[in-house]
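Letter by letter, the chains look like this.
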Amino acid sequence: MREGTLDQKHLLVGEDGSPNNYDLNMGLTGGGGWRTPRHRHNFDQIRYVIQGRLPYTENDVLEEGWVGYFPESIHYGPQERPEGLRTMVLQCGGASGQGYLSVAQREAGNAELARTGEFKKGLYHYTDDNGVPRTKDGSEAIFEHATGSKLAFATPRYTDVIAMNPEAYDWQKGDTGVWEKWLGSFTERDLRIGFLRLDTGAVYQAGRFPSIEILFQITGQVRAGGEEYGPETGYEFLANEGPVPVEAVEPTEFLRVVLHTF
């Protein structure tokens, strides 16, 4: 529904119909770049720049290594993503409880709408029942087609995207060999975003939060459940599932997100 080329690798998905449904994926901008008009969503997004610079308005950029929190109902864009940009994005239900429309649901809606209109430059162009040409944001059109209801946006809790420079934060010592760096806690439902670092041999006990905990491995090697895992692995730990031991085979760093508590 957008203009340009964006390859995605989906690492983890949540549960359809849950207010905490989510999709953790990696994106690579292809030849010619990728563009969106200014728009907003009824769900949250957290973006981490793996390689390159991510423009999220005409004047604002997330630098490599930075994290951006894109709250539900907040406008951002237009975007002009350059070729070769690599990002991690976690799209998830926002504090309002409206949930998140899964990729499978959106792709099905996209295919159906393409039979009665056209997606062009991020907008859906169609003719209404009275024969009048109309346009609406592509994401909005797909949501309304998939759910059969009008897309409604919660009252914004913030006024803008929140861009965070992790290098400006200090590490705090936790359990032996475990270091934490929380960037922030957001909304009354305590969405938490931060980083986790393990020294060689350190064991992190995951899954001890009252909501879903998501880890995205940036560097290193760990052992969990009898298997070893390396960079760009995603982990899901359900609410109060832990303690689940994750042991560092070598120094390891993760991006860590705890979803809204409902």
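Here, the structure is the one placed above.
Quick look at the structure, then. On a predicted model such as this, the values are computed, not experimentally measured, just so you know.

Some words on the environment of Arg35
Turning to step 1, where the next piece is worked out: By secondary structure assignment, the location of Arg35 is in strand S2 (residues 22-36).
Turning to step 2, where the next piece is worked out: With a relative accessible area of 21%, Arg35 lands in the partly exposed category.
Turning to step 3, where the next piece is worked out: The sequence separation of Arg35 and Leu6 amounts to 29 residues, and the corresponding C-alpha distance is 9.5 Å.
Turning to step 4, where the next piece is worked out: Excluding residues within four positions of it along the chain, Arg35 makes contact with Arg2, Glu3, Gly4, Gln79 and Glu80.
Turning to step 5, where the next piece is worked out: A polar contact of 2.9 Å, which involves the side chain of Arg35, links it to the backbone oxygen of Gly32.

Remarks on unusual backbone geometry
Turning to step 1, where the next piece is worked out: That bond from Gly77 to Pro78 is cis: its omega, 0°, falls within 30 degrees of zero.
Turning to step 2, where the next piece is worked out: Counting through the fold element by element, Pro78 comes out in the loop between strand S6 (67-70) and strand S7 (79-81).
Turning to step 3, where the next piece is worked out: Of the consecutive residues Gly242 and Pro243, the connecting peptide bond is found in the cis state with omega at 10°.
Turning to step 4, where the next piece is worked out: The residue Pro243 is located in the loop between strand S19 (234-237) and strand S20 (244-258) in this model.

Details of the packing of aromatic side chains
Two measures describe an aromatic ring pair: the distance that separates the ring centres and the angle between the ring planes.
Turning to step 1, where the next piece is worked out: As enumerated under the stated definition, the model contains twelve aromatic pairs in all.
Turning to step 2, where the next piece is worked out: Residues Tyr69 and Phe186 carry aromatic rings whose centres are separated by 4.7 Å and whose planes lie at 40° to one another, so their mutual orientation is tilted. Here the residue Tyr69 occupies a position in strand S6, and Phe186 occupies one in strand S14 (residues 178-186), the gap between them amounting to 117 residues.
Turning to step 3, where the next piece is worked out: Measuring from centroid to centroid gives 5.8 Å for Tyr235 and Phe254, while their planes differ by 80°, and the two rings are edge-to-face.

Concerning the pattern of salt bridges
Turning to step 1, where the next piece is worked out: Taken as a whole and judged by the stated rule, the model has twelve salt bridges.
Turning to step 2, where the next piece is worked out: Put simply, Arg86 and Glu232 hold a salt bridge, and the shortest N to O gap is 2.7 Å. Note that Arg86 is positioned in strand S8 (residues 86-93) and Glu232 in the loop between strand S18 (227-229) and S19, a separation of 146 residues in sequence.
Turning to step 3, where the next piece is worked out: On the basis of relative accessibility, which here comes to 22%, the residue Arg86 falls in the partly exposed class.
Turning to step 4, where the next piece is worked out: One salt bridge in this structure joins Lys150 and Glu144, with 3.7 Å as the shortest N-O distance.

Considerations on the pairing of strand S16 (residues 203-206)
Turning to step 1, where the next piece is worked out: Only one face of S16 is buried: it carries Tyr204 and Ala206, and the other face, with Val203 and Gln205, is open.
Turning to step 2, where the next piece is worked out: In this sheet, S20 lies alongside S16 in antiparallel orientation, the contact comprising four bridges. Residue Ala206 lies in a different strand from S20, and its bridge partner there is Val244.

Conventions used here
Residues numbered from 1 in each chain as written. Predicted model: local features only at pLDDT ≥ 70, side-chain atom pairs only at ≥ 80, totals over all residues. Heavy atoms only, no water. Helix = DSSP H or I, 4+ residues; strand = E, 2+ residues; numbered from the N terminus. Buried < 20%, exposed > 50% of the residue type's maximum accessible area, 1.4 Å probe, protein only. Contact = heavy atoms within 4.5 Å. Polar contact = N/O pair within 3.5 Å; in protein donor to acceptor, adjacent residues only side chain to side chain. Phe/Tyr/Trp six-rings, centres within 6.5 Å; stacked < 30°, edge-to-face > 60°. Salt bridge = Lys/Arg side-chain N within 4 Å of Asp/Glu carboxyl O. Pairing = 2+ DSSP bridges.

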